Amino acid sequence: MAGILFIISAPSGSGKSTLVSEVRRLVEGLEFSISYTTREPRGSEENGREYWFTNRAEFERMIAAGEFLEWAEVFGSNYYGTAMSALEHARKAGHDLLLDIDVQGALQVMKKLPEAVSIFILPPNPHVLEQRLRNRSQAEGVHNEAVIAARLNQARQELMHLDNYKYALVNDVLDQAATELRAIVLDARGEDGAESALAASCQTAAMNPRLSAALKSFGVTPPNGGKPGADSSGENLHNAQGSGLR
Ligand code: ADP
Ligand code: 5GP
């Protein structure tokens, strides 16, 4: 494709949607890929804005017809997928494209399009993540302890894949994380400015102190004890509970 493809993944509740809308306000020419999903719309979501809402039969027809760049069954219950047409649309408009997809989908895209710029967003620690999940479910008028517990557990599993991503951002203070995300986008575009140094400090391999602290709080041992510049080749993250997905 003509534009740059950005892949963003994060455990549910990390603040990815909040950050993505913030960075789209700060940076021009960044198109958001609207995924297809079989889940029901939530709150004020609209068809064609957050997602294309569809049913399983239609989703499975699209899989069979090869219409997806990637697709996955997320939380074991609903299909989510990125249509090839999203890439074509961005290419024609000369825009960069941002995919907000889960780890399973991201790994598929990295394989097919290795030039894609991949970014993982982490909450600063499990307590903050739990609080954000609770606040959001209260705001949406749904409260389900089992769902919150499952998402916290899922977060630890997803963190084990962090080292497949070129960049890792800790979403503690929103403005700071948004500035970092903006720097990564501008750096990938090769725009001049002070963005390169900031973007470089957010590389997963740089293992900056915020990243190292966030990983430790989730019981994930960073490579080389979390020292900057540690190898990030994909086999060095360990879960204290021994439940990695690899
Ligand atoms: P995700 O898209 O990763 O599931 P959301 O963007 O829906 O997460 O954010 C989850 C909750 O956390 C929301 O209530 C949001 O307002 C809040 N939130 C997001 N980022 C921050 C932040 N940096 N500081 C405090 N609250 C945040
Ligand atoms: P939610 O239901 O909260 O909107 O999203 C649940 C998860 O599905 C999030 O991790 C989100 O990134 C992921 N997701 C959204 N769209 C896609 C997609 O097109 N493909 C894949 N693989 N995951 C997606």
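Look above for the structure.
Residues numbered from 1 in each chain as written. Chains lettered and ligands numbered in written order. Predicted model: local features only at pLDDT ≥ 70, side-chain atom pairs only at ≥ 80, totals over all residues. Heavy atoms only, no water.

Draft legend 1. Expanded view of the overall build of the chain. From N to C terminus, the chain includes nine helices and eleven strands. Considering the chain as a whole, with its 246 residues, one finds that 48% of them fall into the buried category. A separation threshold of at least 6 residues defines the contact pool for the chain, and within that pool the share at least 24 residues apart is 64%. Accessible surface, the chain as shown: approximately 11800 Å² in total, 51% of it carbon and sulfur. (Helix = DSSP H or I, 4+ residues; strand = E, 2+ residues; numbered from the N terminus. Buried < 20%, exposed > 50% of the residue type's maximum accessible area, 1.4 Å probe, protein only. Contact = heavy atoms within 4.5 Å. Areas by Shrake-Rupley, 256 points an atom, 1.4 Å probe, with all protein chains shown as cover.)

Draft legend 2. Quick peek at the site of ligand 1. Surveying the vicinity of ligand 1 reveals 13 residues, the closest of which are Gly13, Lys16, Ser17, Thr18 and Arg136. Interatomic distance of 2.8 Å between a backbone N/O atom of Lys16 and an oxygen atom of ligand 1. Burial of ligand 1 by the protein amounts to 73% of the accessible area it has alone, namely 570 Å². In this structure the site holding ligand 1 corresponds to the largest pocket. Of all elements in the fold, only α1 (16-26) and α5 (126-139) reach the threshold of two or more residues within the shell around ligand 1. (Near = heavy atom within 4 Å. Polar contact = N/O pair within 3.5 Å; in protein donor to acceptor, adjacent residues only side chain to side chain. 1 Å grid on protein atoms, 1.4 Å probe; cavity = no way out; pocket = protein on both sides within 12 Å on 5 of 7 lines; lining within 4 Å. Sits in = over half its atoms within 2 Å of the grid points.)

Draft legend 3. Seen up close, the site of ligand 2. Within the structure, ligand 2 sits among 15 residues, and Lys16, Ser35, Arg39, Tyr51 and Tyr80 are positioned closest to it. A distance of 2.7 Å is found between an oxygen atom of ligand 2 and a side-chain nitrogen or oxygen belonging to Asp100. With respect to ligand 2, the side chain of Asp102 contributes an N or O atom lying 2.8 Å from a nitrogen atom. When the free accessible area of ligand 2 is taken as 510 Å², the share hidden by the protein chains comes to 93%. Judged by the fraction of its atoms near the pocket grid, ligand 2 is located in the largest pocket.

Draft legend 4. Here's a closer look at the sheet that holds strand β6 (residues 78-83). Strand order in this open sheet of four strands is β4-β3-β6-β5, and the pairing throughout is mixed. Two strands close off the open sheet at either side, each with one partner strand: β4 (51-53) and β5 (68-74). Geometrically, the sheet is characterised by an average inter-axis angle of 25 degrees between neighbouring strands, direction not taken into account. (Pairing = 2+ DSSP bridges. Axes fitted to C-alpha atoms, helices over the stretch in contact; angles between N-to-C directions.)

Draft legend 5. Region of the structure containing the nonpolar core. Residues Leu5, Val109, Leu122, Leu211 and Leu215 are the most contacted members of the largest nonpolar core, which totals 34 residues. Apart from residues lying up to four places away in sequence, Val109 is in contact with Leu5, Ile7, Leu69, Glu70, Leu99, Ile101 and Pro114. Of all hydrophobic cores here, the second largest spans 23 residues; its members include Phe6, Ala10, Ile121 and Tyr167. (Core = buried A, V, L, I, M, F, W, Y, C linked by side-chain atoms within 4.5 Å.)

Draft legend 6. Spotlight on the sheet that holds strand β1 (residues 5-9). Here we have five strands laid out as an open sheet, ordered β2-β7-β1-β8-β9, and parallel in their pairing. Both edges of this open sheet fall to β2 (30-32) and β9 (167-170), since each of them pairs with a single strand only. Recorded for the sheet is a direction-independent mean angle of 25 degrees between the axes of neighbouring strands. The sheet contact formed by β1 and strand β8 (residues 117-122) spans four bridges and is parallel. Bridge assignment links Ile8 to a residue of β8, and that residue is Ile119. In the packing of helix α7 (residues 174-188) onto the sheet, contacts are made with β1, β2, β8 and β9, and the angle to β9 comes to roughly 160 degrees.

Draft legend 7. Geometry of the side chain of Thr82. By secondary structure assignment, the location of Thr82 is in strand β6. Owing to a relative accessible area of 1%, Thr82 belongs among the buried residues under this scheme. With sequence-adjacent residues up to four places away left out, Thr82 is seen in contact with Ser33, Ser35, Glu67, Phe68, Leu69, Glu70, Leu99 and Ile101.

Draft legend 8. Inspection of α5 at higher detail. Between its first and last C-alpha atoms α5 spans 20 Å; for 14 residues at 1.5 Å apiece the expected length is 20 Å, and the two agree. All of the buried residues in α5 are Pro126, Leu129, Leu133 and Ser137. Viewed along the axis of α5, the buried residues span an arc of 65 degrees, placing them on a single side of the element. Those residues of α5 that are exposed and angled more than 90 degrees off the buried face are His127, Gln138 and Ala139. Structurally, α5 contributes buried residues whose contacts are with α6 (145-159) and α9 (209-217). Capping the start of α5, Asn125 holds a side-chain oxygen 3.0 Å from the backbone nitrogen of His127, two or three residues further along. Of the residues trailing α5, Gly141 is marked for its positive phi of about 75 degrees. (Expected span 1.5 Å × (residues − 1). Arc of directions from axis to C-beta.)

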